[in-house]
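Coordinate inspection notes
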Amino acid sequence: MSTLKETSMDRDQWLGLVREPVLEPELPIIDPHHHLWHWPSHRYLAEELLADCAGGHQIRATVYVECKSGYRADGPKAMQPVGETEFVIAEVNRLRAAAAAGQSTQSSVDVAAGIVGFADLTLGAAVDPVLEAHIELGRGRFRGIRHACGWDAHPEIENSHTHPPEGLMADPTFREGLARLSAHGLSFDAWCFHPQLPELVDLARACPDTVIILDHFGGPIATGPYEGRRAQIFEWCKTHLRALAACPNVVAKLGGMAMVRNGYGWHKNAQPLSSPAFVQAYADWYLFAIDTFGPQRCMFESNFPVDRASISYTVLWNAFKRLAAGFSESEKAALFHDTAKRVYRL
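In this report, we go over the structure that sits alongside the text.

Reading the values: rules and limits
Residues numbered from 1 in each chain as written. Predicted model: local features only at pLDDT ≥ 70, side-chain atom pairs only at ≥ 80, totals over all residues. Heavy atoms only, no water. Helix = DSSP H or I, 4+ residues; strand = E, 2+ residues; numbered from the N terminus. Buried < 20%, exposed > 50% of the residue type's maximum accessible area, 1.4 Å probe, protein only. Pairing = 2+ DSSP bridges. Axes fitted to C-alpha atoms, helices over the stretch in contact; angles between N-to-C directions. Disulfide = S-S within 2.5 Å. Salt bridge = Lys/Arg side-chain N within 4 Å of Asp/Glu carboxyl O.

Thoughts on unusual backbone geometry
Omega for the peptide link from F304 to P305 comes to 5°, which places this bond in the cis form. Phi at R139 is positive, roughly 50°, even though this residue is not glycine. Position of R139 relative to the elements: it lies in the loop between α4 (128-137) and β6 (142-146). Phi is positive for R345, which is not a glycine, with a value near 50°. Looking at the element boundaries, R345 is found in the segment after α10 (329-343). Given a relative accessible area of 32%, R345 falls into the partly exposed group.

Printed below as a string of structure tokens:
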């Protein structure tokens, strides 16, 4: 098959090869996980997000999750990540100003209604001033911290952008910093790789007062040394997802499965994923997680623009609606809107 790289198509053109009518367009949605960035090689700011949201689904609000955008270039190192919250608030204000000036149509989407930033939890109790600065600058939108812990010893696996050491979640000072989150009314987004799930279970048990939000099913990897072991990895994850679900302080965000690191190679295909193809590939994962945590502790997430490598925004939410077809109206409301609203206090 031809790949996008081998053709003259850009990503938008390629994603446009698969178009679907919107399923259940009246169903309210909060997208609890997306990023914004402006890199030399790629721009995905508020306009690009709103263009994706404009496909016909009823996107009411979103939650921005840290990705090292807008860090301060100077000042104390511990405070530099506070620049990301400033960056997101500036994007929100820019949207409002453009609408007020008649330069854009006011969108009904509350972009970054919640913000999840980064603070170095290995500061221990000394992380308090960083958390306080995030909260102050977040203008009532700051909701939590993600200190990504994804680590693997194999050189083919790209570790988290925070450059975590092995065993970070067991570090006493890290745990001391994590314990400060609940004191400030903040939650913790947990991003790790699947071999680290036992560490996350131990962390959740040791910190019962902290709300922990599991990102992306616990990070199943099917590239490098894990290639060709998808069934084995699923069984491994099921064991530890059950243990996480037994911790009442843990909720699950269901998404991130179209990332390149998951090893399906969708981004290399002649056409992007359709919603039926997505469901065929991933239904076991989603339905197991929903059955294990319950709809009241699960929320669908886009993980855009990362998952945009394989599927369009409109088609992805169609896939989620297909996955949820067998659930009651109240369960659907939880999966698409209510869990995110409650957990992120929107």
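Quick notes on the sheet that holds strand β1 (residues 28-34)
Strand order in the open sheet formed by 8 strands is β1-β4-β5-β6-β7-β8-β9-β10, and the pairing between neighbours is parallel. Edge positions in the open sheet fall to β1 and β10 (298-300), since each of these has one partner strand only. The sheet shows a mean angle of 30° between the axes of neighbouring strands, direction not considered. Of the strand pairs in this sheet, strand β8 (residues 212-214) and strand β9 (residues 250-254) are connected by 3 bridges, and their pairing is parallel. Each residue of the ladder has a partner; that of I212, found in β9, is V250.

Observations concerning the state of the cysteines
By definition, a disulfide links two cysteine residues through a covalent bond between their sulfur atoms. One pass over the structure, following the stated rule, counts 0 disulfides. Among the cysteines around C67, which has no disulfide bond, C53 carries the closest sulfur, lying 16 Å off. The thiol sulfur of C192 is not disulfide-bonded, and the nearest other cysteine sulfur, from C149, lies at 7.2 Å. Of the residues examined, C192 reaches a relative accessible area of 0% and is grouped as buried.

Concerning the pattern of salt bridges
Tallied over the entire structure, the rule returns 17 salt bridges. One salt bridge connects R43 with E48, and the closest N-O pair in it is separated by 2.7 Å. In this structure, the salt-bridge partner of R175 is D202, at a minimum N-O distance of 2.6 Å. Taken together, the residues span a long stretch of sequence, with R175 in helix α5 (residues 172-183) and D202 in helix α6 (residues 197-206) at a distance of 27 residues. Residues joined in a network through salt bridges with shared partners are R43, E47, E48, E91 and R94.

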